[in-house]
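Next come the chains, spelled out residue by residue.
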Amino acid sequence: MQPLVLYDTTSKLPGNHWSPNPAKPRFALSYKGLPFETVWVEYSEIATVMKSIGAKPIKRSDGSDMYTVPVVSDPNTGALITDSLEIASYLEKTYPEKPIFPNNSEALIRAFDSAYINLVSPAVKFLIGRSAEILSPDSAKFYIEGRSKVFNLPWDEFTSEGPKREAQWELLEKAYNTVHDWYQKSNGKWIMGDTFSYADILVACLMLWYKRVLKEDEWTRISSWNGGKWAQLLTDVEKECNLALKAVT
Ligand SMILES: N[C@@H](CCC(=O)N[C@@H](CS)C(=O)NCC(=O)O)C(=O)O
């Protein structure tokens, strides 16, 4: 079998990876034990590189095209897939062993994905601020302009310290109290009890983002919530997907 190719976006951090959406297929590929290589793309170059390989754009809310990572290319089938959820769906159909949508759960996990993103998105502005700090100067400039435009907010809304930042923290903690309530309804460590699924990958990939871009004391703050649930979940998902060692580099 030839290795699949994952297009991910790079950073100044050791090991490059930081972005939650490309992390999702990385976890899924690794969980399924599929060989893959990573192509690291500067954030400012994503559109140019994705166009050059013939990847499809996704649609912005105003209907315009947006070229994004992750994209996965599979030389075994010729497939070229854009969007983390579509990649997960493709991998599951093409390589059904070690399911990430067990018990026919893709429809429900798609709904979980939306619910989780909608819950957490209003609280991550300072995470976006921190993300700009770990990018190269060109990529940071591109990222700052892009995020300000998407959110329709001046950049200081993403970087402000003091009461505004504290309000974001409170919102994020409240969001994770809700996610914790969801997990409390499960009888095992995963959201589907003893059955691991893509839903746990979704939760862990945002944790990975937080851990990679936040200052140490900020990640410690998140780690202390809900009895240490989130750092533990990230560790458990990394282990389940055999990414524990690679995740530290
Ligand atoms: N729904 C998409 C979102 C992908 C996305 O927004 N990717 C970001 C990096 S995490 C991107 O490529 N942005 C390009 C840009 O902002 O121009 C997915 O899940 O793959």
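Residues numbered from 1 in each chain as written. Predicted model: local features only at pLDDT ≥ 70, side-chain atom pairs only at ≥ 80, totals over all residues. Heavy atoms only, no water.

- For the protein, an unreviewed UniProt entry supplies the name GST N-terminal domain-containing protein and the organism Rhizopogon vinicolor AM-OR11-026.

## Details of the overall build of the protein
Link 1 in the chain: The helix and strand tally for the protein stands at 12 helices and six strands.
Link 2 in the chain: Expected size for 249 residues packed as a compact globule is a radius of gyration near 18 Å; at 18 Å, the protein falls within 12% of this value.
Link 3 in the chain: For the protein, the spread of C-alpha atoms along the principal axes amounts to about 55 × 45 × 35 Å.
Link 4 in the chain: Out of the 249 residues belonging to the protein, those deemed buried represent 50%.
Link 5 in the chain: For the protein, the proportion of contacts with a sequence separation of at least 24, taken over those separated by at least 6, is 69%.
Link 6 in the chain: Element-wise, carbon and sulfur atoms account for 53% of the exposed surface of the protein, whose accessible area totals about 12,000 Å².
Link 7 in the chain: Side chains of the protein carry 28 positive and 31 negative charges; the gap between the two charge centres is 1 Å. (Helix = DSSP H or I, 4+ residues; strand = E, 2+ residues; numbered from the N terminus. Rg over C-alpha atoms; globule rule 2.2 N^0.38 Å. Buried < 20%, exposed > 50% of the residue type's maximum accessible area, 1.4 Å probe, protein only. Contact = heavy atoms within 4.5 Å. Areas by Shrake-Rupley, 256 points an atom, 1.4 Å probe, with all protein chains shown as cover. Lys, Arg positive; Asp, Glu negative; His and termini not counted. Charge placed at Lys NZ, Arg CZ, Asp CG, Glu CD.)

## Observations concerning the packing of helix α5 (residues 125–133) against helix α8 (residues 163–184)
Link 1 in the chain: Viewed as axis vectors pointing N to C, α5 and α8 meet at an angle of 115 degrees, and their least axial separation amounts to 9 Å. Regarding the angle of α5 to α8, the classification is roughly perpendicular. Each of Lys125, Phe126, Leu127 and Arg130 in α5 lies in contact with α8, whose residues at this interface are Arg165, Gln168, Trp169 and Leu172.
Link 2 in the chain: Classifying every residue of the contact of α5 with α8 by side-chain character gives four nonpolar, one polar and three charged. (Axes fitted to C-alpha atoms, helices over the stretch in contact; angles between N-to-C directions. Parallel < 35°, antiparallel > 145°, perpendicular 65-115°, else oblique. Nonpolar A, V, L, I, M, F, W, Y, C, P; charged D, E, K, R; others polar.)

## Structural notes on the site of the ligand
Link 1 in the chain: For the ligand, the set of nearby residues contains 13 residues, the closest of which are Ser19, Tyr43, Val69, Asp83 and Ser84.
Link 2 in the chain: Between the ligand and the protein, one listed contact pairs a nitrogen atom with a backbone N or O atom of Val69 at 2.8 Å.
Link 3 in the chain: At a separation of 3.1 Å, an oxygen atom of the ligand approaches a polar side-chain atom of Arg147.
Link 4 in the chain: When isolated, the ligand has an accessible area of 510 Å², and the protein chains bury 83% of it.
Link 5 in the chain: For the shell around the ligand, the class distribution of residues is seven nonpolar, four polar and two charged. (Near = heavy atom within 4 Å. Polar contact = N/O pair within 3.5 Å; in protein donor to acceptor, adjacent residues only side chain to side chain.)

## Some details on helix α10 (residues 216–223)
Link 1 in the chain: What α10 keeps buried is the set Glu218, Trp219, Ile222 and Ser223. For α10, the angular spread of buried residues about the axis comes to 145 degrees, placing them on one side. For α10, the exposed residues set more than 90 degrees away from the buried face come down to Glu216 and Asp217.
Link 2 in the chain: Looking at the buried positions of α10, the neighbouring elements they touch are α5, α8, α9 (198–213) and α11 (229–240). (Arc of directions from axis to C-beta.)

## What to know about the packing of aromatic side chains
Geometry of an aromatic ring pair is reported as the spacing of the ring centres plus the angle between the planes.
Link 1 in the chain: Inspection of the entire model under this criterion finds 18 aromatic pairs.
Link 2 in the chain: Both rings, one in Trp169 and one in Trp225, keep their centres 5.9 Å apart while their planes meet at 85 degrees; by these two values the pair is edge-to-face. In this pair, Trp169 is assigned in helix α8 and Trp225 in the loop between α10 and α11, connecting sequence segments 56 residues apart. Pair check on accessibility: Trp169 and Trp225 agree, each one buried.
Link 3 in the chain: An aromatic cluster of at least three residues, connected via ring pairs, comprises Phe112, Tyr116, Tyr176, Trp182, Tyr183, Trp209, Tyr210 and Trp230.
Link 4 in the chain: Here Lys98 stacks its cationic end above the ring of Tyr31, 4.2 Å away from the centre of that ring.
Link 5 in the chain: A cation over an aromatic ring shows up here: Arg221 above the ring of Trp169, its NZ or CZ 4.2 Å from the ring centre. (Phe/Tyr/Trp six-rings, centres within 6.5 Å; stacked < 30°, edge-to-face > 60°. Lys NZ or Arg CZ within 6 Å of the ring centre and 35° of its normal.)

## Observations concerning the pairing of strand β6 (residues 79–82)
Link 1 in the chain: Sheet topology places strand β5 (residues 71–74) next to β6; four bridges connect them, and they run antiparallel. Within β6, the residue paired with Asp74 across the bridge is Ala79.
Link 2 in the chain: Here β5 hands over to β6 after four residues, with Gly78 in that stretch at a positive phi of 85 degrees. (Pairing = 2+ DSSP bridges.)

## Observations concerning the domain arrangement of the protein
Link 1 in the chain: Assigned domains of the protein: these are domain 1 (4–100) and domain 2 (103–248).
Link 2 in the chain: Counting residues at the interface gives 29 residues for domain 1, matched by 33 residues for domain 2.
Link 3 in the chain: Both faces combined, the contact of domain 1 with domain 2 buries some 2,900 Å², and carbon together with sulfur accounts for 64% of it.
Link 4 in the chain: Considering only the side of domain 1, the residues that lose the most area to domain 2 are Trp18, Phe27 and Tyr43, jointly responsible for 25% of the buried surface there.
Link 5 in the chain: At the boundary of domain 1 and domain 2, one finds one salt bridge.
Link 6 in the chain: Among the ionic pairs, Arg110 bridges to Glu86, the shortest N-O distance being 3.2 Å.
Link 7 in the chain: In this structure, the connection of domain 1 to domain 2 is made through 12 residue pairs in polar contact (both at pLDDT 80 or more).
Link 8 in the chain: Mapped onto the side of domain 1 that touches domain 2, the elements with two or more residues apiece are α1 (20–31) and α3 (84–94).
Link 9 in the chain: The dominant element in the side of domain 1 that touches domain 2, judged by the number of residues it contributes, is α1, at eight residues.
Link 10 in the chain: Looking at side-chain class alone, the side of domain 1 that touches domain 2 contains 14 nonpolar, nine polar and six charged residues. (Domains from an automatic or database assignment. Buried area = accessible area lost by both parts, 1.4 Å probe. Salt bridge = Lys/Arg side-chain N within 4 Å of Asp/Glu carboxyl O.)

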